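Here's the letter readout for the chains.
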Amino acid sequence: MPSAHYVIVGAGSAGCVLANRLSADPATRVLLLEAGGSDRDLNVKIPLAFANQFHTKRDWDFATEPEPGCANRRLYIPRGKQLGGCSSMNAMLYVRGRPLDYDLWEQQGATGWGWEDVRPYFLRSEDNSRGAGPDHAVGGPLRVEDQRDARPLDERIIAGFEAVGVPRTDDYNTPEQDGASMFQVTQRGGRRWSAADAFLRPAMKRPNLQVVTHAHVQRLELDGTRVVGVRYRDKGGAEHVAHADREVVLSAGAIGSPHVLMLSGIGPAEQLREHGIDVVHDLPGVGANLQDHPMVSVINETTDTQTLYGADKPAKLLQWLLKRSGPLTSTAAEVTAFWRSRPGLPAADIQFHCGALYYERHGEAEFDGHAALVAPVLVAPKSRGRVSLRSPDPYAAPSILTNSLTEPEDVAAMVAAIRLARQVLASGPMAPHMVRELLPGAELQTDEELEANLRERVELLYHPVGTCRIGAPDDDDAVVDPELRVRGIEGLRVADASVFPLIPGGNTNAPTYMVAERAADIVRGRVPTAA
Ligand SMILES: Cc1cc2nc3c(=O)[nH]c(=O)nc-3n(C[C@H](O)[C@H](O)[C@H](O)COP(=O)(O)OP(=O)(O)OC[C@H]3O[C@@H](n4cnc5c(N)ncnc54)[C@H](O)[C@@H]3O)c2cc1C
């Protein structure tokens, strides 16, 4: 029976950070269990190939229940199932969010998670190609670079935002986030730099870290209300129990972590009983508070021929293989803009993802030609959803509902943002290069028409969070306390994107690294704790 001081479930963004930091002490034995396999594949390493992983063995391939706010469609939720988890599948866009996000976490009971507390943990990870400064650091494991191969259209899009009153900014990863700029990306020399690259591989040489792939955790092993290990099955279906001398850290992500908790009898009692699972601890918040960022594309055909159309040609692959340059280094979205859809908001509620490509239905819809994309993403959604059990079978996907676009304010912000995207595409710097509007389609003009089209086409931007949220110790709906301990259970923490009380105003990978960096310090007793 394998045993370790710490058993970490899930080698994703958070799990890789924890495995590295906890095994830095040679006297600490760490076991990292991952349901997926290796990350050795060109579709992982080549930045623009990330969507080739969708619906493959590298993807948990989740989908929501029919969404009432989205014309009753099921929305696709890809999740990485391999070393690096989603960081081996994501679009590599490096975005921290703004101080307000974390100050709101603190106000909602996540004591010690305010901006000034978490800022050092963003910097600890970072190795920014722009060098060190008040907002950036060098020397950390996580390489962050400017894009290697920008397209001329990128500059026009930024100028287009300026023309409609959204200022140009050099760096959205400062306290002043608003404005349009190029994305910085988690790449090293034109290749993906995942959590496995940055944090896991350097630590795998350590004799005190054991990594087991194809280890699908079925449930936690409990002695009363104390977690003593985990039960998992290997590739061949054989069952194993791994013993944790000190703690289990659950880092299975915003879908996986609440799922494992519920399978282990920790969750909403009534729901567990419905599925014949013995209730160890009634914790109603498990799986609740699900948040994600809805996205819709606005796309024009363009006369510009230097786009990502044809980026998959053999010559471009050769260029990437030989020089790590060319369009395959692109992350699809190359430009971003943070914008407030109405006056009086404390921060941007919309983040545009823009680029020289046609991206609709996760890249599955095709257009035979050159295109310009300006896609609004709602980064301050009011709607809340949930992850719940569908079956007691650990291999059955849980039921997921985001309730996206069920709040009128969310819909109004997205409709306003679609209109702004159209203005950007029609602006002075852009107009001479535009042929026609492809999506949503120029014939749609009234708010009602745009709203109906939005509900038909909206998708999720791959950022589920919040399903094991941090809250004050007396908050009965919280899942973990500010030290990430699962309420009512000993020997168990959760550390991943599921603990976010509130979704940050930007992409979620950098915040997940931050959570894991701070979690590692908490586990090692390096953060003064309230209790
Ligand atoms: C297609 C896509 C594009 C994205 N683009 C960006 C982007 O450009 N920028 C950005 O900031 N964010 C992006 N994200 C989101 C970001 O990558 C995630 O928020 C982040 O990686 C979440 O990290 P995590 O540690 O919480 O979960 P994950 O990285 O999902 O890790 C969870 C791990 O646990 C494993 N696991 C789950 N259940 C079990 C089990 N029962 N037993 C064993 N192992 C288990 C999983 O296989 C996985 O490896 C994107 C995500 C996707 C999918």
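Quick look at the structure, then. Counting from 1, residues in each chain are numbered in the order their sequence is written. Per-residue local features are limited, in this predicted model, to residues with pLDDT of at least 70; the limit for side-chain atom pairs, both in listing and counting, is 80 or more; totals at the level of whole chains, interfaces and linings are taken over all residues. The side-chain values count all of the structure's non-hydrogen atoms but skip hydrogen atoms and water molecules.

### Considerations on the sheet that holds strand β6 (residues 142-146)
Logical step 1: The strand order across the open sheet built from 3 strands is β5-β6-β8, with neighbouring strands paired in mixed fashion. Whereas interior strands pair on both sides, the edge strands pair on one side only; in this sheet they are β5 (126-128) and β8 (184-185).
Logical step 2: Pairing analysis gives 3 bridges linking β5 to β6, with the strands arranged parallel. By the bridge assignment, Asp127 is partnered in β6 with Arg143. Should DSSP find at least two bridges between two strands, the strands are regarded as paired. A run of H or I in DSSP becomes a helix once it reaches four residues, and a run of E becomes a strand once it reaches two; helices and strands are each numbered from the N terminus.

### Considerations on the pairing of strand β18 (residues 299-302)
Within a regular beta strand, the side chains point alternately toward one face of the sheet and then the other, so they alternate between its two faces.
Logical step 1: Neither face of β18 is open: one carries Ile299 and Glu301, the other Asn300 and Thr302, and all of them are buried.
Logical step 2: As judged from the 4 bridges shared by β18 and strand β24 (residues 434-439), these two strands associate in the antiparallel manner. Directly across from Thr302, in β24, lies its bridge partner Met434. For the exposure calls, accessible area comes from a 1.4 Å probe over protein chains only, and a residue counts as buried if that area is under 20% of its type's maximum, exposed if over 50%, partly exposed in between.

### Observations regarding the pattern of salt bridges
Logical step 1: Only one rule defines a salt bridge in this text: a Lys or Arg side-chain nitrogen within 4 Å of an Asp or Glu carboxyl oxygen. Considering all chains together, one arrives at 42 salt bridges under this definition.
Logical step 2: Lys382 serves as the salt-bridge partner of Glu409, at 3.4 Å between the closest nitrogen and oxygen. Of the two residues, Glu409 is situated in helix α10 (residues 408-425) and Lys382 in the loop between β21 (371-378) and β22 (386-388); the sequence distance between them amounts to 27 residues.
Logical step 3: By relative accessible area, Glu409 is classed as partly exposed at 39%.
Logical step 4: Taking the relative accessible area as the measure of exposure, Lys382 reaches 41% and is therefore partly exposed.
Logical step 5: Here the residues in one salt-bridge network are Arg21, Arg124, Glu517, Asp521 and Arg524, joined through shared partners.

### Observations concerning the site of the ligand
Logical step 1: Nearness of a residue to a molecule or strand requires only that one of the residue's heavy atoms be within 4 Å of it. The local shell around the ligand holds 37 residues, among which Ser13, Glu34, Leu93, Thr508 and Asn509 are the closest.
Logical step 2: Between N or O atoms, a polar contact is any pair within 3.5 Å; within protein, one atom must be a potential hydrogen donor and the other a potential acceptor, and residues adjacent in sequence are included only when both atoms are from side chains. Glu34 has a polar side-chain atom sitting 2.6 Å from an oxygen atom of the ligand.
Logical step 3: Contact between the ligand and Gly80: an oxygen atom at 3.4 Å from a main-chain N or O atom of the residue.
Logical step 4: When the free accessible area of the ligand is taken as 1,000 Å², the share hidden by the protein chains comes to 98%.
Logical step 5: Elements that contribute at least two residues to the shell around the ligand include exactly α1 (13-22), β12 (216-223), α7 (253-263) and α12 (509-523). All accessible-area figures derive from a Shrake-Rupley calculation using a 1.4 Å probe, and residue coverage is judged against the displayed protein chains alone.

### Here's the deal with the packing of aromatic side chains
Two aromatic rings, taken as a pair, are described by how far apart their centres are and by the angle between their planes.
Logical step 1: Two aromatic rings from Phe, Tyr or Trp, using only the six-membered ring of Trp, form a pair when their centres are within 6.5 Å; if the ring planes differ by under 30 degrees the pair is stacked, by over 60 it is edge-to-face, and anything between is tilted. The final tally for this structure, using the stated rule, is 16 aromatic pairs.
Logical step 2: Geometrically, the ring pair formed by Trp115 and Phe122 is tilted, given 5.9 Å between the ring centres and 40° between the ring planes. Residue Trp115 shares its accessibility class with Phe122, and that shared class is buried.
Logical step 3: Geometrically, the ring pair formed by Tyr172 and Phe338 is tilted, given 6.0 Å between the ring centres and 40° between the ring planes. A residue pair is termed long-range when its members are at least 10 positions apart, and Tyr172 in the loop between α5 (152-163) and β7 (179-182) and Phe338 in strand β19 (residues 335-339) qualify at 166 residues. Neither Tyr172 nor Phe338 differs from the other in exposure class; each is buried.

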